[in-house]
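# Breakdown of the fold
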Amino acid sequence: MLSRVADSVTWMARYIERAENVARFIDVNHNLEIDLGDSVLEQWAPLIYTTGDEATFLEHNDRMTRENVIRFLAFDRENPNSIISCVEAARENARTIREVISSAMWEELNKFYHMVRAAGNLQEVLDQPYDFCHRVKTASHLLVGVTDCTMSHDEAWHFARMGRLLERADKTSRIVDVKYYILLPKVELIGSSLDVVQWSALLKSTSALEMYRRSCGPIVPTRVADYLILDRYFPRSMHYCVVKAAESLHVITGSLAGTFLNSAEQMLGLLRSQMDYASIDEIVERGLHEYIDEFQVQLNRIGQAVYDDFFAMKPVSGSVSLERDSTGGASQASSLM
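Because the structure is predicted, anything quoted here is derived from the model rather than measured. (Residues numbered from 1 in each chain as written. Predicted model: local features only at pLDDT ≥ 70, side-chain atom pairs only at ≥ 80, totals over all residues. Heavy atoms only, no water.)

Mapped onto the secondary structure, Glu167 falls in helix α9 (residues 155–183). The exposure class assigned to Glu167 is buried, which follows from its relative accessible area of 0%. Side-chain polar atoms of Glu167 contact the side chain of Arg18, separated by 2.9 Å. (Helix = DSSP H or I, 4+ residues; strand = E, 2+ residues; numbered from the N terminus. Buried < 20%, exposed > 50% of the residue type's maximum accessible area, 1.4 Å probe, protein only. Polar contact = N/O pair within 3.5 Å; in protein donor to acceptor, adjacent residues only side chain to side chain.)

In structure tokens, the structure reads:
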């Protein structure tokens, strides 16, 4: 399998997942705005800080108002992590690997792209973003389903799943982190009725409210954090994503469980082991924000290791450099096998 193909299919899946999760960022704040009114009207700025795009935002905007933030996160092509930029990048990566993906995948991705592009011209999306965010999430879910049902579950499929789950783990951690930037500005609110409303909004934004209530019962902040970080069965929990990403990486390399053949496999296995034996009480005692920060750093290192082990050009004769295009795909190809 060509490394160019593996790189493109990985980034296609990552960008689709990233677009969905940016919609979830917007949705969590919009839900709170509906429930809490004026008390969160000035709390849109932390979304920019949580996504790490404040420098890009401030280059083109003077103030972090509600409309500016939504437009920047959803439709600003100058923001490489906006929904429109991610969907365009996913489509471009898919275009370069048409021979690997199914026609149904290509058709659904095109529908997704045209839906987002058309929505960018509608003022009502900025005024009431709920319906748009719902359509983005639905389009992403549809693409995942079509991929699973129409694409052979070979190396390419596992690269796509690994990329999607690493992206999802990172974004779930950021959604949880939004709680501490936005949802709980005052320590004295912990355990209050306001706190319960906020955690409910957080669960809704990760599509976890119903499954959480079924598994854990009443909303208790520590249990919510435990569910979204360490649950082994919920498909958007950080732990679940790491476990399944590690399984796909084992299939790609052909190594046995508990062993590793490259640095990416070793690092992902170590992160999985840490989460296998972690407890929420230890995480809270240490500091949830600090734990999430370290988790994101580890994911970034794993992403770099995946690139180095599978996508980077290895010199054959002389020096060969690998340039990456603006879509995240590799511009030169080498063999993985």
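Let us keep going from here.
So, on to helix α5 (residues 83–95). Between its first and last C-alpha atoms α5 spans 18 Å; for 13 residues at 1.5 Å apiece the expected length is 18 Å, and the two agree. Those residues of α5 that fall on the buried side of the exposure criterion are Ile83, Ile84, Ser85, Cys86, Val87, Ala89, Ala90, Asn93 and Ala94. (Expected span 1.5 Å × (residues − 1).)

For the pair α5 and helix α6 (residues 103–119), the least separation of the axes is 10 Å and the interaxial angle reads 155 degrees. The pairing of α5 with α6 is recorded here as roughly antiparallel in orientation. Along this stretch, α5 crosses α6, giving a crossing that reads as left-handed. Contacts between α5 and α6 involve Ile83, Ile84, Val87, Glu88, Ala90, Arg91, Ala94 and Arg95 from the first element and Trp106, Leu109, Asn110, Phe112, Tyr113, Val116 and Arg117 from the second. Class assignment for the residues of the contact of α5 with α6 results in 10 nonpolar, one polar and four charged. (Axes fitted to C-alpha atoms, helices over the stretch in contact; angles between N-to-C directions. Parallel < 35°, antiparallel > 145°, perpendicular 65-115°, else oblique. Left-handed = near helix turned anticlockwise from the far one by under 90°. Contact = heavy atoms within 4.5 Å. Nonpolar A, V, L, I, M, F, W, Y, C, P; charged D, E, K, R; others polar.)

On to the confidence of the model for the protein chain. Within the protein chain, residue pLDDT values average 86, and 85% of them lie at 70 or more. Contacts of residues 316–327 to residues separated by more than four positions or lying in other chains number 25 contacts, the stretch itself having pLDDT below 50. Between residues 330–337, whose pLDDT stays under 50, and residues either more than four places distant or in other chains, the model counts 34 contacts. (pLDDT = per-residue confidence, 0-100.)

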